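Residue-level listing of the chains:
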Amino acid sequence: MISMKHVHHHPRHIALTYPASVRQHFYLLLIGPLVLALVVYLIASAYQLPHTPAPLSPAQLLSATLATIVRIAVAYVASVLIAVPLAIFATKTKTLERIFLPVFDILGSVPILAFFPVVVLVFVRFDFPEGAAVFILFLNILWNIVFTVVGGLKIIPKDIVYAAKIFGLTGWSYTRRLILPAIFPQLVVGSILAVAEGWNLVIVAEALHTYIPHGDPSQDLFGIGSILVQAAANSQNGVFIAALIIMVLFIGVFNLLVWQRLLTISQRFRFD
Amino acid sequence: MPIELRSVTKTYETEKTPAVRDISLRIAPGEFVCFIGPSGCGKSTVLKLISGLETPERGTIEAPQKTAMSFQFGALFPWLTVFENVALGLRTEGKSETHVMRAVYQELDAMKIREFEHKYPADLSGGQRQRVGIARALAVDPEVLLLDEPFSALDPQTTAELHDDIIDAWRRTKKTIILVSHLIEEAVSMGERVVLMKAGRIEADFRVDLPYPRRESEGFHRDVMKIRREFFRA
């Protein structure tokens, strides 16, 4: 005997409030930084770095973080502005691909830090030490973006390319309306990885004095990276922890507010 | 303007054997022609040659300037809404916003997808995507509409509905339509002519003279069987 079961369809209500877990995270997002800022203030104000005239204030820590962020941001923007056109050009034809991609492979696998002492000396000679850190960050981010964008370009379906041509997309309109949106998901992923590596590198890149013959810490660039290096070298654990907390906090909040949102948006740009 | 292919040969860069070998063909304006044949026989290459996406290594092709194409899986831009996908060609032609709105809504209505205008391709079924692809092609008012296996990934019911809508569009617009398919029944139910291709060559060219809708008509199975014999002949 065949039995039949009625299925009741309940109308779906759109929730006007966020789930409790989201609300909790939201409060944590507001209260967390305040609590951590207080901890940082208490710890940092008790210390003085060797080359600073007064105990390190939370404001100094924050401005050091800001200096580092600006450094990474400048390197990131410059890298994207060069990497994207470079990747597009290098994959434009099969011949260009055969020439450029092996070159990228070689250049991308060269350890950037091996060249850092030379880069530092060149920039110091021109009295522009800031340029050394930004340049090395730029190179590091550049290859990450180049490789992910090349990957993104290679997965554009052939039919989409044909459709673009059939419907008259050429030159700049082809780049603007097909290529740039198509590489957006890979650009986001590449940016996340590249900027994360940038944060790793900044710790080395700001401590210039270690690469200058007879250098001293006063030659370091002002930033969270150099504070970390100097605090570690002088066993100033409080400053070290405070700087670390600020850095991790910024990276975490940035990830939550920027990268995660961009990742969600980039889903719309993916080919099936 | 008719489409004329004279002794056309095309070999792809990555292949050793030609995809299309020395084919000659004339398609009159307003004709509905179906290309059939086994996979890799060169039928999709013929579409690409007519549309100008590929160039022949030998031979000449004369075709109207304005051709539009619909692809196997729709080939829609995932970041554009249905409306913007259909408007794509019109926007690149620099048409006015009034013209774009009128043309897009006309084709959305004809393809019965107006209710999805704000949706993205990822939110549509395979059949709906295919309708958007065809609407996009028709919106630019081409002289020739090229359809590259548009039904191959669709269920039978959606396929049957789309067959009717394409035949309606053909009767309404009087455009030349060239359809690539691997199904004999599909070709016989839709086209005025069925061109059979094998190994890059045109093997046979059939004229189908049956009233629409054809699947119920008397001669449908007779014509299908006639082409089937040629299709499977070694």
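Look above for the structure.
In this report, the structure presented in the accompanying data block is examined. Each chain has its residues counted from 1, running along the sequence as written. A letter from A marks each chain and a number from 1 marks each ligand, given out in the order of writing. With pLDDT at 70 or above as the cut-off, local features in this predicted model cover only qualifying residues; side-chain atom pairs require 80 or more to be listed or tallied, and sums for whole chains, interfaces and linings still use all residues. Note that water and hydrogens are dropped before the side-chain values are worked out from all heavy atoms of the structure.

**Details of the pattern of salt bridges**
Residue and element names in this part refer to chain B. Convention followed: One speaks of a salt bridge when a side-chain nitrogen belonging to Lys or Arg is within 4 Å of a carboxyl oxygen belonging to Asp or Glu. Put simply, DSSP marks the helices as runs of H or I at least four residues long and the strands as runs of E at least two long, and each gets a number from the N terminus on.
All chains considered together, the criterion is met by 23 salt bridges over all chains. K175 is paired through a salt bridge with D141; the nearest N and O atoms lie 2.5 Å apart. In this pair, K175 is assigned in the loop between α5 (156-173) and β7 (176-180) and D141 in the loop between α4 (126-139) and β6 (144-148), connecting sequence segments 34 residues apart. Taken together, the shared-partner salt bridges connect E4, R6, R26 and E62 into one network.

**Describing the sheet that holds β7 of chain B**
Residue and element names in this part refer to chain B. Put simply, the rule reads: Strands are treated as partners if at least two bridges between them are detected by DSSP. To get an axis, a line is fitted to the C-alpha atoms, and for a helix only the part in contact is used. The angle between two axes follows their N-to-C directions and goes from 0 to 180 degrees. By definition in these notes, contact holds between two residues if any of their heavy atoms fall within 4.5 Å.
Spatial ordering of the open sheet is given by β5-β6-β7-β3-β8-β9, a layout of six strands whose pairing is mixed. The sheet is open, and its two borders are formed by β5 (67-70) and β9 (201-207), each paired with just one other strand. The average angle at which neighbouring strand axes cross in this sheet is 20°, direction not considered. Direction of pairing for strand β3 (residues 32-36) relative to strand β8 (residues 193-198): parallel, over a ladder of four bridges. Each residue of the ladder has a partner; that of V33, found in β8, is R193. Helix-sheet contacts for α4 involve β5 and β6, and the interaxial angle to β5 is about 175°.

**Quick word on the layout of surface pockets**
Residue and element names in this part refer to chain A. The test is simple: Points on a 1 Å grid, built from protein atoms alone, make a cavity when a 1.4 Å probe fits but cannot get out and make a pocket when they are open with protein on both sides within 12 Å along at least 5 of 7 lines; residues with an atom within 4 Å of a point are the lining residues. Grid points are joined across faces, edges and corners, and a volume is the space filled by probe spheres set on the points. When residue character is reported, Ala, Val, Leu, Ile, Met, Phe, Trp, Tyr, Cys and Pro are called nonpolar, Asp, Glu, Lys and Arg charged, and the others, Gly included, polar.
Here the largest pocket defines a volume of roughly 1100 Å³. Lining of the largest pocket is provided by 28 residues; of these, K92, K94, K158, V161 and K165 occupy positions nearest its centre. Elements with a minimum of two residues in the lining of the largest pocket: α3 (94-109), α5 (129-154), α6 (158-166) and α7 (171-206). Of the residues assigned to the lining of the largest pocket, the class counts are eleven nonpolar, seven polar and ten charged.

**With respect to the sheet that holds strand β4 (residues 58-62) of chain B**
Pairing between sheet strands relies on hydrogen bonds along the backbone, with the strands arranged either parallel or antiparallel. Residues and elements named next belong to chain B. Strand order in this open sheet of three strands is β2-β1-β4, and the pairing throughout is antiparallel. The two strands at the open ends of the sheet, each matched to only one other strand, are β2 (20-27) and β4. Ignoring strand direction, the axes of neighbouring strands in this sheet form an average angle of 15°. The strands that helix α1 (residues 43-51) touches are β1 (3-10), β2 and β4; relative to β1, the one it contacts most, it runs at about 120°.

**What to know about the interface of chain A and chain B**
Here is the rule we go by: Once two parts are joined, some of their accessible surface, as seen by a 1.4 Å probe, is lost; buried area is that loss totalled over both. Polar contacts, as counted here, are pairs of nitrogen or oxygen atoms within 3.5 Å of one another; within protein the pair requires one atom able to donate a hydrogen and one able to accept it, and residues that are adjacent in sequence qualify only if both atoms are side-chain atoms.
Contacts between the two partners involve 20 residues from chain A and, on the opposite side, 26 residues from chain B. For the pair chain A and chain B, the summed buried area comes to about 2000 Å², and 68% of that belongs to carbon and sulfur atoms. When the buried surface of chain A facing chain B is broken down by residue, F167, R177 and R268 of chain A rank first, second and third, together holding 38% of it. The shortest N-O distance in the salt bridge between R268 of chain A and D123 of chain B comes to 3.7 Å. Applying the counting rule to chain A against chain B returns two residue pairs in polar contact (both at pLDDT 80 or more). Where the side of chain A that touches chain B is concerned, the elements lending two or more residues are α6 and α7 of chain A. Broken down by element, the residue count for the side of chain A that touches chain B peaks at seven residues, all from α6 of chain A. Split into classes, the residues belonging to the side of chain A that touches chain B amount to twelve nonpolar, one polar and seven charged.

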